[in-house]
Amino acid sequence: MEEKEARWCHDIGREQAANKPLLKTVFQVMMRLFSPRKTTLLFVVRDKTKTPLEYLEPILSEDIQKIWNAVSKPESHKDTPLSEFFNVEVTALSSFEEKEDLFKEQVAQLRQRFFNSISPGGLAGDRQGVVPAAGFSFSAQQIWRVIKENKDLDLPAHKVMVATVRCEEIANEKLHHLSSNEDWLALEEAVQCGPVSGFGRRLSSILETYFSGYDIETFYFDHGVRNAKRKQLESKSLDFVHPAYLNLLGHFRFKALEDFKSRLEQMLNIGEGFAASICTSTESCMLEFDQGYADAAIKQANWDASKVKEKLCRDINAHALSVQDAKLSELVVSYEKQLGQSLSEPVESLFDNAGRDTWASIRKLLTRETGIAVSEFSAAISSFELDQSTVEKMLQDLKDYARNVVEKKAREEAGKVLIRMKDRFSAVFSHDNDSMPRVWTGKEDIKTITKGARTASLSLLSVMVAIRLDGKPGEIENILFSSLMEGTVTAVSSVDRSITTSDPLASSSWEEVMVSPKSILITPVQCKSLWRQFKAETEYTVTQAISAQEAYKQSNNWLPPPWAIVAMVVLGFNEFMLLLSDVGSDGHPRAVSTWHSGWANLYLVEVSSHHHESSKATCRRGSRASN
């Protein structure tokens, strides 16, 4: 058996051109199916160059030896050398184009070596495998059976091998030229900077140039091999340019997203509804992206841009959600501020004038202002087209905020209850029913006034004891009045703080009147302490009023009775003195009273202006009397 392999001189050393895969298959099958026998491997080098054959032959022999060493061998031939199976020979043929006659002559000589293979210089190997002519038919049948049963021996035809090598070379050459194409390099650089109009058309033209060139150059090669290698060329080429395509889609996505943000802001600024603005802006930017995607498409491939489009949709939704949260937060803050302004100061004013109807007024105020805010807020968020559960939660949060404003203000005012009680006491005690300052003349009933002022202060305390926004009955005031004003309850020892039946205020909660712990502002025990401190700090005001009455009475005692003043004017001083001498214990003048000289002098002056001469004599007598 002889093996022949033709090579081009410039292909020596290449993987496919040297048919190394084929040689590996031959070596493996020979060792597996046949016993060692000399077979000649003849390598024919085409288009020999000026390089001497003596230099090329060692290269080929070395390659063959490497292939032999690399193939897997059965255990029986693990250490068998290449020379046991093959004789390796190398011959060369001149160039057919340059030296046609010499080439034909060398081919004829080579042909003779095949015809006369058993002659000296022939290609036959050793004679161990020689089969007699009588057994050739049977031997050929057995060889053919082995070939049919072993797929490893079903080797491709020569034209297939040539087509494989040449089509792959052409495809690699086209791919190399594509990577260095000036138009492609310029297009790739432009894509790095931003969107490129007509990208798909320009890239398709570039690719078509090289694919068409491949088709032209491989037209005469095996059809199957040619198509297979073209698909490989297309795949590698598309893989090579695909990053630029993705980069371009990234620019389209970024631009569409920025346009969405800009359009949305503009529409919101002119008062468009939020949901409608989102829908319109989204449709516009997605249409813009689709147009860019269509412009970037190439006819050689059907690239999928769904992932980039999904990323754009996620970015749009994320930005829309961010803007929605920001706008809703602004609305919430605005209406919370509105509620704070409409509730805080009015509630504080109601606590200033706290009375039996204070909490009813606060509840009415809270209901009215909360209803207004909820109605306006519902209208404001309707353009967002939120789901019903979200709307209900936001409205409930707004109602809770309004209630918290009132509760917070109540807690603040409860912390100032002692000051307010003293102010209330001072206002009631120091002013009459017409709100005029009292003048303590001695006619006022300070005890009654004090009780009324303390009653007003205790009413204020009862209002501040607990938050009553749920309209629960107010038994607290009755308990405080019966315990603190009427004084019917005996104080509980500071050591024993247990709740007893005799003192409802000896407790830290208002459980008896069904007030929840969260609503308590002042505990019963704290009420007792506050009342004790309140009475101590207002006692001075009562004492001052009593002292003022006493001072007023004493100041009035320096003046004579009204009848005495009239008598002095009508009778004159001496006659008046005589009259006084007769005043007895029954109120009638019997003994002379001593008057201050100042009053006598005043009397004399008054008389002198009205009685002329007689008054003058009286003045003289009065002067002597005063002296």
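This structure is a prediction, so every number in the text was calculated from the model and none was measured.

Draft legend 1. Expanded view of the overall build of the protein chain. Regarding its fold elements, the protein chain presents 19 helices and 3 strands. Burial statistics for the protein chain: of 627 residues in total, 36% are counted as buried. Put simply, of all contacts in the protein chain between residues at least 6 apart along the chain, 70% involve residues at least 24 apart. Taken as a whole, the protein chain presents about 37000 Å² of accessible surface, with 53% of it coming from carbon and sulfur.

Draft legend 2. Region of interest: unusual backbone geometry. Its identity is not glycine, yet Glu 385 carries a phi of approximately 55°, on the positive side. Relative to the elements of secondary structure, Glu 385 occurs in the loop between α11 (358-381) and α12 (388-414).

Draft legend 3. Just helix α9 (residues 274-296), in detail. Taking 1.5 Å as the rise per residue, α9 with 23 residues should run 33 Å; its terminal C-alpha atoms sit 33 Å apart, in good agreement. Every buried residue of α9 is accounted for by Phe 274, Ala 275, Ser 277, Ile 278, Ser 281, Cys 285, Met 286, Glu 288, Phe 289, Gly 292 and Ala 296. In the core, the buried residues of α9 are packed alongside α7 (199-217), α8 (223-269) and α10 (306-352).

Draft legend 4. Quick peek at the pattern of salt bridges. All told, the structure shown has 25 salt bridges when counted by the stated rule. Where Lys 174 meets Glu 217, a salt bridge forms, and the shortest distance between an N and an O atom there is 2.7 Å. With Lys 174 in helix α5 (residues 158-179) and Glu 217 in helix α7, this residue pair connects regions lying 43 residues apart in the sequence. Measuring nitrogen to oxygen at the nearest pair gives 3.1 Å for the salt bridge that ties Arg 403 to Glu 407. Taken together, the residues span about one helical turn, with Arg 403 and Glu 407 both in helix α12 at a distance of 4 residues. Several salt bridges converge on common partners, so that one network encompasses Lys 255, Asp 259, Arg 263 and Glu 288.

What counts, and where the lines are drawn
Residues numbered from 1 in each chain as written. Predicted model: local features only at pLDDT ≥ 70, side-chain atom pairs only at ≥ 80, totals over all residues. Heavy atoms only, no water. Helix = DSSP H or I, 4+ residues; strand = E, 2+ residues; numbered from the N terminus. Buried < 20%, exposed > 50% of the residue type's maximum accessible area, 1.4 Å probe, protein only. Contact = heavy atoms within 4.5 Å. Areas by Shrake-Rupley, 256 points an atom, 1.4 Å probe, with all protein chains shown as cover. Expected span 1.5 Å × (residues − 1). Salt bridge = Lys/Arg side-chain N within 4 Å of Asp/Glu carboxyl O.

Read these as layout, nothing more, since geometry by itself doesn't imply function.
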